[in-house]
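The residues making up each chain are set out below.
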Amino acid sequence: MGLVDTLTTRIRDGQMRAGDKLPTEAAIMGEFGVSRTVVREALSKLQAGGMVQTRHGVGTFVVGTGESNNFRIAPEQMATAREVIAVLELRIGLETEAAGLAAVRRTEANVRIMREALASFSAAIDDHGDAVAPDFQFHLEIARATQNVHFVELMTYLGTMIIPRASLNTARVAGEGRREYLQRVNTEHESIANAIANQDPEAARAAMRTHLANSRERLRRANELARR
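Residues numbered from 1 in each chain as written. Predicted model: local features only at pLDDT ≥ 70, side-chain atom pairs only at ≥ 80, totals over all residues. Heavy atoms only, no water.

**Student:** Now, about the side chain of E95: what can you tell me, with residues and values included?
**Tutor:** Note on placement: E95 falls in helix 4 (residues 81-105). Side chain to side chain, E95 and H139 meet in a polar contact 2.6 Å long. (Helix = DSSP H or I, 4+ residues; strand = E, 2+ residues; numbered from the N terminus. Polar contact = N/O pair within 3.5 Å; in protein donor to acceptor, adjacent residues only side chain to side chain.)

This is how it looks when you write it as structure tokens:
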């Protein structure tokens, strides 16, 4: 049984209940004999499934069994470019307004964490990583900067699965090299962060819309070419 299945069983069997804090990454690595990457991927899948929630600087907590009939985007719904495009359209509506609110309400701490996420993203590019974690951290911090808990809860519920390359090789689909693709993404992130830091809500909305629309259009064009 894999790590995700084992943790899922523990949650659904009641061995870990809602509100319980999960062991640290190091503890899980030690118990299961897996790498940190495997642990983080497992926690991302549990988060996407609505079973756990990660609180920045605090830890990961059980929030449910993932068996409710509430709204959710299952991992199998993110397997193709067309499905990823649909989620990007949802994000355009949600995160464009979040960016505008963040520009008005952000704190210096919010801006600092956004900058740290951008730096981690750049480091991941240099280390040949996929930068999914810092990408999600950047977008989650924008939600936090709105000072509206509902934005944070929705983004946390959706988890890293909303980052297209968490489920699809977006660089290949878009016809770009990995490094070039990720650098382009982080340049767009920098434009958003600068607008929020400058407390310019219209520029922040425009930068976020451009960022997400660019991702959508790259995938849309690639999807159309693949169907010809």
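Additional details are given in the paragraphs that follow.
**Student:** Before we move on, could you go through the packing of helix 2 (residues 25-32) against helix 3 (residues 36-48) and cite the residues and values that matter?
**Tutor:** Two numbers describe how helix 2 lies on helix 3: the axes approach to 9 Å, and their chain directions differ by 110 degrees. When the interaxial angle is binned, helix 2 and helix 3 end up roughly perpendicular. The crossing of helix 2 and helix 3 is right-handed. Each of E25, I28 and M29 in helix 2 lies in contact with helix 3, whose residues at this interface are R36, V39 and R40. (Axes fitted to C-alpha atoms, helices over the stretch in contact; angles between N-to-C directions. Parallel < 35°, antiparallel > 145°, perpendicular 65-115°, else oblique. Left-handed = near helix turned anticlockwise from the far one by under 90°. Contact = heavy atoms within 4.5 Å.)

**Student:** Break down the nonpolar core for me, with residues and values.
**Tutor:** Counting residues in each nonpolar core, the largest one holds 36 residues, and the members touching the most others are F138, I142, M155, I192 and I196. Of all the secondary structure elements, the ones that give two or more residues to this core are helix 4, helix 5 (108-126), helix 6 (132-145), helix 7 (149-158), helix 9 (178-197) and helix 10 (201-227). In this view, I196 contacts A99, A102, A103, R106, M114, I142 and A204; residues no more than four positions away in its chain are not counted. Membership of the second largest hydrophobic core comes to 13 residues, among which are L3, L22, A42 and V52. (Core = buried A, V, L, I, M, F, W, Y, C linked by side-chain atoms within 4.5 Å. Buried < 20%, exposed > 50% of the residue type's maximum accessible area, 1.4 Å probe, protein only.)

**Student:** How would you summarise the pairing of strand 2 (residues 59-62) if you had to cite specific residues and measurements?
**Tutor:** Here strand 2 shows two buried faces, one formed by G59 and F61 and the other by T60 and V62. Relative to strand 2, strand 1 (residues 52-55) runs antiparallel, the two sharing four bridges. Opposite V52, over in strand 2, you have V62 as the bridge partner. Counting the residues between successive antiparallel strands, the hairpin from strand 1 to strand 2 contains three residues, one of them, G57, with a positive phi of roughly 75 degrees. (Pairing = 2+ DSSP bridges.)

**Student:** An account of helix 7 is needed here, citing residue identities and associated values.
**Tutor:** The set of residues buried in helix 7 consists of F151, V152, M155, T156 and L158. Relative to the axis of helix 7, the buried residues are bounded by an arc of 160 degrees and lie together on one face. Considering only its buried residues, helix 7 is in contact with helix 3, strand 1, helix 4 and helix 6. At the N-terminal boundary of helix 7, the capping side chain belongs to N148, with an oxygen 2.9 Å from the backbone nitrogen of H150. Once helix 7 finishes, G159 follows within two positions and takes phi at roughly 70 degrees, a positive value. (Arc of directions from axis to C-beta.)

**Student:** If you had to explain the pattern of salt bridges to someone new, which residues and values would you point to?
**Tutor:** Enumeration according to the criterion identifies twelve salt bridges in this entry. Of the charged contacts, one joins E25 and R36 as a salt bridge, the two residues approaching to 2.8 Å between their closest N and O atoms. Residue E25 is located in helix 2, and its partner R36 is located in helix 3; the two are separated by eleven residues in the primary sequence. Given the relative accessible area of 22%, E25 is considered partly exposed. Exposure remark for R36: the relative accessible area of 36% places this residue in the partly exposed category. The shortest N-O distance in the salt bridge between R179 and D126 comes to 2.9 Å. With R179 in helix 9 and D126 in helix 5, this pair connects stretches of sequence that are 53 residues apart. (Salt bridge = Lys/Arg side-chain N within 4 Å of Asp/Glu carboxyl O.)

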